[in-house]
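The primary structure of each chain is shown beneath.
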Amino acid sequence: MNSLIQQLNLLIGNTQAMESLAQKDEATVLIVSDSHGQYYRLLDITSAFGTQCDAMIFCGDGCGDMIYLLEEAAADREFAEKVPSVIGLVEGNNDSDSYSFALNPETINRIRCPLRNTMKVCGHNIFFTHGHRCSLFYGSDELVEMSKTENADVVLFGHTHIACSELKAPKINVINPGSISLPRSGQPPCFATLRLKKNSSFADVTFYQITAKGYIPFIPREIW
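Only a predicted model underlies this, so the values are computations on that prediction, with no experimental measurement involved.

Visitor: I'd like to hear about helix α2 (residues 39-49), residue by residue, with values.
Guide: Restricting attention to buried positions, one finds in α2 the residues L42, L43, I45, T46 and F49. End-on, the buried residues of α2 take up no more than an arc of 165 degrees, which puts them together on one face.

Next comes the structure, spelled out in structure tokens:
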């Protein structure tokens, strides 16, 4: 269960959980982006997938929705048990850089939303950002170059509202989970899970479309 405390590295959870995540032999990360006010979808996705995942990363444009999720977890222990033990979130072009968060009626904290951050998972370094300061509609090269300063081998981003996954040299996995609210390019509302293993460069990504019948895996078409 997540401690709901933001650490100095701006990840949310306790430091022991973060250290454990970095050393795991294998782990699954829930990746969500661009909720744009549809906080109920964030809650539903977390309820359905949270217990199966070791971490959650939100790639921007809906940080206020993530604050709603955190406050729901603070108020509802049953829901809190479904929230992954480590959470990362970044500021999108429609977000503020910080939000008030009521941990309890007596404690109001401030959650900071950086433009970029990293998370260590199974020996991998995940770089995540919204991407609105990169020329994403012309490709991911600028984003990949940015991530190299963090020695990342996995790059996550949002902003385009188009789900995609590609492998860039040298073995950098670039992933956009799509938008859970306002998809583009004929895609359905969607999100993704990422499974990583220690000492393996393979990133096992599964995309899920949101339908009236539940969450159904799908394969997005290539965009670049």
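There is more to say after this.
Visitor: Before we move on, could you go through the packing of α2 against helix α3 (residues 63-75) and cite the residues and values that matter?
Guide: Two elements in contact, α2 and α3, have axes separated by 9 Å at closest approach and are oriented at 50 degrees. By the angle class used here, α2 and α3 are oblique. At the point where α2 passes α3, the crossing takes the right-handed sense. Where α2 abuts α3, its residues Y39, L42, L43 and T46 lie against D65, M66, Y68, L69 and E72. A breakdown of the residues in the contact of α2 with α3 according to their chemical character gives 6 nonpolar, 1 polar and 2 charged.

Visitor: Tell me about the sheet that holds strand β1 (residues 26-32), and name the residues and values.
Guide: Strand order in the open sheet made by the 6 strands is β3-β2-β1-β11-β12-β13, with mixed pairing throughout. Single-partner strands in this sheet number two, and they are β3 (86-89) and β13 (214-218). Strand-to-strand, the axes of this sheet are offset by a mean angle of 25 degrees, without reference to chain direction. Pairing of β1 with strand β11 (residues 190-197) involves 6 bridges; the strand directions are antiparallel. Bridge pairing links L30 to T193 in β11.

Visitor: An account of the pattern of salt bridges is needed here, citing residue identities and associated values.
Guide: Within the structure shown, the criterion is met by 6 salt bridges. Where K24 meets D54, a salt bridge forms, and the shortest distance between an N and an O atom there is 3.6 Å. Remark: D54 occurs in the loop between α2 and β2 (55-58) and K24 occurs in the loop between α1 (15-23) and β1; sequence separation between them is 30 residues. On the basis of relative accessibility, which here comes to 30%, the residue K24 falls in the partly exposed class. A salt bridge links K168 to D141; its shortest N-O distance comes to 2.6 Å. Placement of the pair is K168 in strand β9 (residues 164-168) and D141 in helix α5 (residues 141-148), with a sequence separation of 27 residues. The partly exposed category is assigned to D141, whose relative accessible area is 49%.

Visitor: I'd love a proper account of the environment of E71, names of residues and values included.
Guide: One can find E71 in helix α3. Counting along the chain gives 82 residues from E71 to D153, while the straight-line C-alpha distance between them is 32 Å. Those residues in contact with E71 that lie beyond four places of it in its chain are S100, F101 and A102.

Visitor: How would you sum up the packing of aromatic side chains? Please name residues and give values.
Guide: All chains considered together, the criterion is met by 8 aromatic pairs. Between F191 and Y208 the ring centres are 5.6 Å apart and the planes differ by 20 degrees, which places this aromatic pair in the stacked class. Of this pair, F191 sits in strand β11 while Y208 is found in strand β12 (residues 204-211), placing the two residues 17 residues apart along the sequence. In this pair, the class of F191 matches that of Y208, namely buried. These aromatic residues form a ring-pair network of at least three members: F49, F191, Y208 and Y215.

What counts, and where the lines are drawn
- Residues take numbers from 1 onward in each chain, read along the sequence in its written order.
- Under the rules for a predicted model, residues below a pLDDT of 70 receive no local features and side-chain atom pairs below 80 are neither given nor counted, while totals for whole chains, interfaces and linings still include all residues.
- Each side-chain value is derived from all of the structure's non-hydrogen atoms; neither hydrogens nor water enter the calculation.
- Buried residues are those whose accessible area, probed at 1.4 Å on protein chains only, stays under 20% of the maximum for their type, while exposed residues exceed 50% and partly exposed ones sit between those limits.
- Secondary structure follows DSSP: runs of H or I at least 4 residues long count as helices, runs of E at least 2 residues long count as strands, and numbering of each begins at the N terminus.
- As used here, the arc belongs to the directions running from the helix axis to the C-beta atoms.
- Whenever a helix is involved, its axis is fitted only over the stretch in contact; in every case the axis is a line through C-alpha atoms, and angles between N-to-C directions fall within 0 to 180 degrees.
- Small angles under 35 degrees read as roughly parallel and large ones over 145 as roughly antiparallel, with 65 to 115 read as roughly perpendicular and the rest as oblique.
- Should the near helix be turned anticlockwise from the far one by less than a right angle, the crossing is termed left-handed; should it be turned clockwise, right-handed.
- Here a residue-residue contact requires only that any non-hydrogen atoms of the pair lie within 4.5 Å.
- Gly counts as polar in this scheme, as do all residues outside two lists: the nonpolar Ala, Val, Leu, Ile, Met, Phe, Trp, Tyr, Cys and Pro, and the charged Asp, Glu, Lys and Arg.
- The criterion for strand pairing is that DSSP finds at least two bridges linking the strands in question.
- By definition, a salt bridge exists where a carboxyl oxygen of Asp or Glu is found within 4 Å of a side-chain nitrogen of Lys or Arg.
- For Phe, Tyr and Trp, rings pair up if their centres lie within 6.5 Å, where Trp contributes its six-membered ring, and each pair is then called stacked (planes under 30 degrees apart), edge-to-face (over 60) or tilted (otherwise).

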